[in-house]
Amino acid sequence: MNKDLVTDKFVEHFGEAGDFYFSPGRVNLIGEHTDYNGGFVLPGAIDKGMLACIKVNGTDKIRAYSVDLNEYAEFGMKEEEAPAQSWARYIFGVVREIAKRGGVVKGFDTAFSGDVPLGAGLSSSAALESTYAFALNDMFSLGIDKFELAKIGQATEHNYIGVKCGIMDQFASVFGKTGHLIRLDCRSLEYEYVPFNPVGYKVVLIDSVVKHELASSAYNKRRESCEAVVKAMQKRHPEVELLRDADMTMLAEVKDEVSAEDYMRAEYVIEEIQRLLDACEALKKGDYKTVGEKMYGTHEGMSKLYEVSCEELDFLNDVAKKCGVIGSRVMGGGFGGCTINLVPEEKYDAFIETAVKEFTAKFGKEPKVYPVKIGDGSRKL
Ligand code: GLA
């Protein structure tokens, strides 16, 4: 992360540097599209994220500079003063969500930069939200707890970006811990740090370089499908609030009452919640083979039932299988981005070489390779 660059740009635009804050992106070992269904997830923060320099400016305006895009925005903090640039709306949204919770934020100057690739399924947007939620809470002594900081980021997505996301990304960004994954119950927000040190394996992401567009309504549509199935189930089972509460028998009961598409979506989610629980049990025993099998199961489900994979990601999944990778799947929201791979050390080099070579030959563009390091969550530097 280039602190010097952020410092230089801040000084260039605003004068003497302020305080520095960082929040990471995330990976997720298993448990995809389960968060907004009240299920479980197993993410970890990574060593890449967003870095911001921030300083109170004595006005009622925010003056922000995106180092990576070389763009500047200036905006007020009232609801009707939303900036036009989408990157600035994340900062504005966080400020608004804090205000809705009674927090008083004063005008500030800020420059920020990230090293988490955009649109790759690594939650660069959650990293940005968490950076500002954490920083403003600290700078203005607002006393907001970490759970609420994560919810502020999520609410920013809902209300200012238009993505009806779950809590996983923001939670992982705020709560991350080096060497650990977080087993999070997305309904109760109870969580447990799970040591993650797969001896004999490496975890690596292969980026299909297909940019996903979460906001492109496909994500929200998946969520609507899940809600439609819950609604149908409630006629017989009023206690079902989320797909977390459902099982395959309940799903079978509503087969004729929901669309074939919604049925498939719910089938995936119910299976995925169970897959995660099974994977967590296996992880406790150090049984990475089973964890890997579950990951392949997730890929299959995301590709065939939830339909959030794409040709490039399916191809990478096939190559992984062929190269003896024990677990591989599309990670994050889908529609592009990365696969996450659990690779036996002795097969690592051959896998990377084959994946890059075959992918490039087929699609005429090189995939990117990111070895995963699990790092800490939001912090002041
Ligand atoms: C995106 C969302 C998360 C989660 C994942 C899929 O990353 O922001 O809330 O739903 O997709 O697991």
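Summary of the structure given here. On a predicted model such as this, the values are computed, not experimentally measured, just so you know.

This paragraph deals with the overall build of the protein. Across its full length, the protein holds eleven helices and 13 strands. Taken over C-alpha atoms, the radius of gyration comes to 21 Å for the protein, in line with the 21 Å a tight globule of 381 residues would show. Dimensions of the protein along its principal axes, counting C-alpha atoms only, are 60 × 55 × 40 Å. Taking all 381 residues of the protein together, 58% fall into the buried category. Counted over contacts in the protein with a minimum sequence separation of 6, partners at least 24 positions apart contribute 70%. Carbon and sulfur atoms provide 48% of the accessible area of the protein, an area that totals close to 15,400 Å². Side chains of the protein give 47 positive and 60 negative charges; the mean places of these two sets differ by 1 Å.

Now for the site of the ligand. What surrounds the ligand is the set Arg26, Glu32, His33, Asp35, Tyr36, Cys165, Gly166, Met168, Asp169, Tyr219, Gly332 and Gly333. Between the ligand and Gly333, the relevant distance is 3.3 Å, taken from an oxygen atom to a main-chain nitrogen or oxygen of the residue. Within the complex, the protein chains bury 97% of what would otherwise be the 310 Å² of accessible surface of the ligand. Here the residues of the shell around the ligand sort into four nonpolar, four polar and four charged.

With that settled, the discussion passes to the sheet that holds strand β2 (residues 40-41). Paired through backbone hydrogen bonds, the strands of a sheet run either parallel or antiparallel to each other. Strands sit in the order β2-β7-β8 across an open sheet of three strands; the sheet is antiparallel. This sheet does not close on itself; its edge strands, each paired only once, are β2 and β8 (191-195). Pairing between β2 and strand β7 (residues 180-185): two bridges, direction antiparallel. The partner of Val41 across the bridge, within β7, is Leu184.

One can find Ser124 in helix α3 (residues 124-139). Setting aside its immediate chain neighbours within four residues, Ser124 contacts Met50, Val116, Pro117, Leu118 and Gly119.

Another point: the sheet that holds strand β4 (residues 62-66). Overall, mixed pairing links the six strands, which are arranged β5-β4-β6-β3-β1-β13 in an open sheet. If you trace the sheet from one side to the other, it starts and ends with β5 (71-75) and β13 (379-380), each paired once. Here β4 runs beside β5; their pairing, made up of five bridges, is antiparallel. For Ala64, the partnering residue across the bridge sits in β5 and is Ala73. Against the sheet, helix α1 (residues 3-14) engages β1 (19-28), β3 (43-56), β4, β5 and β6 (108-114), with an angle of about 150° to β6.

Conventions we followed
- Residues numbered from 1 in each chain as written.
- Predicted model: local features only at pLDDT ≥ 70, side-chain atom pairs only at ≥ 80, totals over all residues.
- Heavy atoms only, no water.
- Helix = DSSP H or I, 4+ residues; strand = E, 2+ residues; numbered from the N terminus.
- Rg over C-alpha atoms; globule rule 2.2 N^0.38 Å.
- Buried < 20%, exposed > 50% of the residue type's maximum accessible area, 1.4 Å probe, protein only.
- Contact = heavy atoms within 4.5 Å.
- Areas by Shrake-Rupley, 256 points an atom, 1.4 Å probe, with all protein chains shown as cover.
- Lys, Arg positive; Asp, Glu negative; His and termini not counted.
- Charge placed at Lys NZ, Arg CZ, Asp CG, Glu CD.
- Near = heavy atom within 4 Å.
- Polar contact = N/O pair within 3.5 Å; in protein donor to acceptor, adjacent residues only side chain to side chain.
- Nonpolar A, V, L, I, M, F, W, Y, C, P; charged D, E, K, R; others polar.
- Pairing = 2+ DSSP bridges.
- Axes fitted to C-alpha atoms, helices over the stretch in contact; angles between N-to-C directions.

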